[in-house]
Amino acid sequence: MIIQNDILGWAAFIVAIFSCSYILLKRLKMHNRNFKINLRKLLGCHCYLGIIATIIAFIHVGDNLYSISFTPGYVSLFFMVLLSISGIILKYMKGHKKIWRYIHIVSAIIFAISLMFHILEYHFFS
């Protein structure tokens, strides 16, 4: 069961990394006009991959969801959910985009840092 849980955690991490490739490809297109890529389709992939990563992360947590504690794993799960919700709001809502963009960016930074601590804690300090 622990091995399966590890695989789910790494799968969520890999899908989240692929989702983050949107940021790099968008910046590459901004700096290189010859780079041909459809940003709308890429944004759609970014959104779907983020939601899929969140679902896999919930499956990774499994039964431990009932005993929530203040650990880097639960902090990263909370900010991953906030990241997905703010991304959906940014994509489909019309107003207050500036506020939700800041929430999305800040939650992405906190998610990345807490995920790093979660991986370090689980694999190196337990």
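Residues numbered from 1 in each chain as written. Predicted model: local features only at pLDDT ≥ 70, side-chain atom pairs only at ≥ 80, totals over all residues. Heavy atoms only, no water.

Trainee: Please clarify how the side chain of H104 should be interpreted in this entry.
Mentor: Considering the arrangement of structural elements, one finds H104 in helix α4 (residues 97-124). Among the residues examined, H104 registers a relative accessible area of 18% and is labelled buried. Aside from chain neighbours lying at most four places away, what touches H104 is H46, L83, S86, G87 and L90. (Helix = DSSP H or I, 4+ residues; strand = E, 2+ residues; numbered from the N terminus. Buried < 20%, exposed > 50% of the residue type's maximum accessible area, 1.4 Å probe, protein only. Contact = heavy atoms within 4.5 Å.)

Trainee: Explain the nonpolar core here, please?
Mentor: General note: in soluble globular proteins, nonpolar side chains tend to be found buried as a group. Ranked by internal contacts, the top residues of the largest apolar core, which has 16 residues, are A53, A57, M80 and F111. Of all elements in the fold, only α1 (2-31), α2 (39-61), α3 (72-92) and α4 reach the threshold of two or more residues within this core. Once residues lying within four places of it in the same chain are set aside, the contact partners of F111 are S76, F79, M80 and L83. (Core = buried A, V, L, I, M, F, W, Y, C linked by side-chain atoms within 4.5 Å.)

Trainee: Hey, could you run me through the packing of aromatic side chains in this one?
Mentor: Remark: the centre distance and the inter-plane angle together describe each pair of aromatic rings, the angle taken between the planes. Applying the stated criterion across every chain, the model contains 2 aromatic pairs. Centre to centre, the rings of W10 and F13 are 5.6 Å apart; their planes meet at 90°, and the pair counts as edge-to-face. Here W10 and its partner F13 are both found in helix α1, 3 residues apart, which amounts to about one turn of the helix. The class of W10 is partly exposed, set by a relative accessible area of 36%. (Phe/Tyr/Trp six-rings, centres within 6.5 Å; stacked < 30°, edge-to-face > 60°.)

Remember, this is a structural readout, not a statement about activity or role.
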